[in-house]
Every structure is written in C-alpha cells, then in structure tokens.
Amino acid sequence: MTQVRLENVTKIFPIEGRGLVSIREFLGDKAGIKALDRVNLLIRHGETMGLIGPTACGKTTLLRVIAGLIAPDEGAVYFDGQDVTRMPPRERNIGMVFQSYALYPHLTSLENLAFPFVVQQRGEEIPERVRVTSQIMGLGFDKLLGRLPRTLSVGEKQRVAVGRCIIREPRVFLFDEPLSNLDAKLRVQTRVEIKKLLRRFRITSIYTTHDQTEAIALAERLAVMNEGRIEQVGTHAEIYNWPVNVFVAGFVGTPAMNFFQGRVEDGGLRFADFSLPFLPRLKSRLRPGQEVILGIRPEHIAIGAEGPLRARVEEIQPWVTERAQIIHARLPPVPPNFGGPGGNICVVRTGAEVTLRPGDSVWLRFDEERLHFFDAQTGKRLR
Ligand SMILES: Nc1ncnc2c1ncn2[C@@H]1O[C@H](COP(=O)(O)OP(=O)(O)OP(=O)(O)O)[C@@H](O)[C@H]1O
Ligand SMILES: [Mg+2]
C-alpha cells in the first residue's frame, strides 16, 4: 500500500502557437492556463479518493501529475514520504485507466495484458499472472483474451483495460472517468466490479468522475475541485452536511441546493422573497448590512397546506428511481416597498405520493436545522 501526498502542486500550461498572432495582446498575463493552483491533498494507504468537479477544473491534470506524465511547475508529489516529483512514469508503478481505454489496437486482449512483461523479458511470469488476473476480473474475462480491441464492446474494452492495470500490481491506481462511455446499466455493473476489486486489494486509488453517485458509491472520501483548487476534502456526509463554501454547497447534492441572497437588517435577515428572524447560533457572526447567502437543499423543504412561505407550482418532474418528485415552485413577487422583485424559483423534493399540478398554490417550510449560511462576498460558510 502506498500513501500519496501532493504538496502545493501548481501547473500552468503555457500558451502554444506559431506566434503569428500574439495571444498576450488579448489576454495579457492571463494567457497561461492555471490548471492546478497550490493543490494539497493526502490519499491514505489503501484509500479510494473520489475527485469530483466541473469540466476543466483540473482533474485529469492532477492524475497526470501523480502518474508523472507531466511535471508540476511548483510543489511536490510524495509516495510514502519519498519525493517522486522528478521520477519518470515507468518507475512509479502506476496503473491508469482512462475514458478512452488506450488498448494497443493490433494486439489481442491477452497480448495487451502481457505486453509489458514481454518487453521486460519476463515472459515466464505471464501464464500465472494472467490466470490470477482473470480470476480477479471474474466471470467471462478469459473469453475476452483472444480478441482484438475492435471486436470488443465498450464495456469489454473497459474490463480489459482494468485487467491490464491489475496484472502489473500497481502501487497506485488512477481512474479517469473510466465508465463515462458505458450505458447506464453496464455502468452500475462495472462500478460494482471495480468496487469489489478496490476493496479486495486496497490499492490506493484516485477516481475522477462527473457523476456524483458514482463517486459516492466507490470512494471513501471525496475531494471537490474548482478552477485548479481543492475546495474541500471529506466523506460525502461531511461535505453534504457542512459544505465549506457556496461552490461546494451548490456542486454536491442532486438536485442542487437553492440559494437566496439577502442582507442583515435589524431583527433578522431580509431576502427578496422572505425574511428570517435571527437564528441564535448565527447572530454573533453577522454584522449589520452584511450580504449573506442562504442555502437550503430541495430535500429539506416541506410542502404543506400551510406554512410560512407561499409559492406556486410551475413544474413537476417525477424521479421514479427515487420514488420522489422534483417540484419547481415560484415564490411570489414582492412589492417594491418590501424590497422586491423576489419571485425566485425554489426547487423542492417531495415523495411520489404527493399529488400536485402546475398552477397549484402551496406553502413551503424550510427545515431550520438544515439552513446553510455563507458570506456573499467571500462565499465562505458562516457557521
Ligand atoms: N496540454 C495542455 N495544454 C494546455 N492546456 C491544457 C492542457 N491540458 C489541460 N489543459 C487545460 O487545463 C485545464 C484543466 O484541464 P483538465 O483536463 O485537467 O480538466 P478536467 O477537470 O479533467 O476536465 P474534464 O472533466 O472535462 O475532463 C483546462 O482548462 C484545460 O483546457
Ligand atoms: Mg478530465
């Protein structure tokens, strides 16, 4: 098992081009792309870390730095305390599975698996290693061995790509959205397979995906990235219950958290759509005039025949697999003398049994224990 630690890792991709037109004239010093911005991250021995974040936030770049495929401009990478920042990729003993499986197209699955051993003239190890790998990869894997990649389905290619990593007994496993090409059913099946593998071997792994459900299912802890920075690291429950800033709050959770911007005024918080009295636990943190953002998740809003907040149902989406439905409710516009315009949409999750129609008038009640507050300027959590 291996512990992986990133310390202050920064990567700025230079602008390439022929110099025909100067990009700096358009963008100035912003011309370089800061893909990683002082990243600090510890992946523990045998842990699976899920790396999530929007497109272009730097996930793949981070994996490539760990694999040694690109060198960081600043900072260092440690495996078990040893600085490997300048170590070439082939000495790092990393298994990497990409979205495009990158199998050698002219070699059979067996040859793909065996290739590194042939190159290193360790051919005598091949039969035993292939046998063990097939066993690990489970039912039907041996039937794929004689086939060329182009004759395999996407899911089968994916299995061969994982097998090709396993056979080398890597110190660290890097998965870069390996399931994103699969259909929904195969995705869940393969996810289970990968999870079993990871549990069984406890190989230190980092797994990137756009799909939160997948990350939660596979990873023990999550790291949420945004614009090259790690915003928060923790278990899903920690991040879900205690997001450290607005970005994380809005990124983790489906459907996304509702946000309302308001201001501290005497006696409480005034939002465009409603007011709230001061919550005791928050009061000492606020100053008059401060702009705040209130966050509330759709699943923490109750719909009833009465309540503090009136709204009109605009749209209803059934969420069959969850036996739930997602309601888009519009809060009423507020007269100008009460701070208007208001009229924001509030997304609410209810059970499937609730019967509502567009146009229905409903009352909303926010679960007070589940309110999140952030500073509107910094986006940071207030309590
Ligand atoms: N070789 C490169 N040269 C220049 N810019 C690059 C290079 N590789 C990545 N980038 C840029 O660095 C940023 C981070 O890219 P990266 O591929 O790490 O994002 P990502 O989080 O993996 O995104 P996705 O979810 O779409 O895969 C992007 O703005 C990307 O355009
Ligand atoms: Mg990527």
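What you see is a predicted model, and the numbers here were worked out from it, not measured in a lab. Within every chain, residues take consecutive numbers counted from 1 along the sequence as written. Each chain takes a letter, starting from A, and each ligand takes a number, starting from 1, following the order in which they are written. Totals for whole chains, interfaces and linings use every residue, but because this is a predicted model, local features are given only for residues with pLDDT of at least 70 and side-chain atom pairs only at 80 or more, for both listing and counting. Excluded from the side-chain calculation are hydrogens and water; included are all heavy atoms of the structure.

Let us now look at the site of ligand 1. Whether a residue is near a molecule or strand depends on its heavy atoms: if one lies within 4 Å, it is near. Inspection of the region around ligand 1 gives 13 residues, with Thr55, Ala56, Lys59, Thr60 and Thr61 positioned closest. Pairs of N or O atoms within 3.5 Å make up the polar contacts considered here, provided that, within protein, one atom can donate a hydrogen while the other can accept it, and that residues adjacent in sequence are counted only when both atoms are side-chain atoms. Interatomic distance of 2.7 Å between a side-chain N/O atom of Lys59 and an oxygen atom of ligand 1. One of the side-chain N or O atoms of His210 is found 3.3 Å from an oxygen atom in ligand 1. Taken together, the elements giving at least two residues each to the shell around ligand 1 come down to β2 (33–43) and α2 (59–67). Put simply, DSSP marks the helices as runs of H or I at least four residues long and the strands as runs of E at least two long, and each gets a number from the N terminus on. The leading source of residues in the shell around ligand 1 is α2, at three residues. For this classification, the nonpolar set comprises Ala, Val, Leu, Ile, Met, Phe, Trp, Tyr, Cys and Pro, the charged set comprises Asp, Glu, Lys and Arg, and every other residue, Gly included, is treated as polar. Here the residues of the shell around ligand 1 sort into six nonpolar, five polar and two charged.

So, about the pattern of salt bridges. When charged atoms on two side chains of opposite charge get close, those side chains can pair. For salt bridges, the criterion is a side-chain nitrogen of Lys or Arg within 4 Å of an Asp or Glu carboxyl oxygen. Going through the model one piece at a time under the given rule, you end up with 21 salt bridges. The partner of Arg202 in a salt bridge is Glu220, and the shortest N-O contact between them spans 2.8 Å. In this pair, Arg202 is assigned in the loop between α6 (184–201) and β8 (204–209) and Glu220 in the loop between α7 (212–218) and β9 (221–226), connecting sequence segments 18 residues apart. Whether a residue is buried, partly exposed or exposed follows from its accessible area with a 1.4 Å probe, protein chains only, as a fraction of its type maximum: under 20%, in between, or over 50%, in that order. Judged by its relative accessible area of 32%, Arg202 falls in the partly exposed class. A salt bridge links Glu265 to Arg270, with the nearest nitrogen and oxygen atoms 3.9 Å apart. Salt bridges linked by common partners bring Lys34, Asp37, Arg38, Glu227, Arg229 and Glu231 together as one network.

The aromatic pairing rule takes the rings of Phe, Tyr and Trp, using the six-membered ring of Trp, and pairs them if the centres are within 6.5 Å, calling planes under 30 degrees apart stacked, those over 60 edge-to-face and the rest tilted. Enumeration according to the criterion identifies six aromatic pairs in this entry. On the numbers, 6.1 Å between centres and 25° between planes, the contact of Phe260 with Phe366 is stacked. Of the two residues, Phe260 sits in strand β11 (residues 258–265) while Phe366 sits in strand β19 (residues 361–366), which places them 106 residues apart along the sequence. Here Phe366 falls in the buried class, since its relative accessible area comes to 14%. Pairwise contacts between aromatic rings join Phe173, Phe175 and Tyr207 into one cluster.

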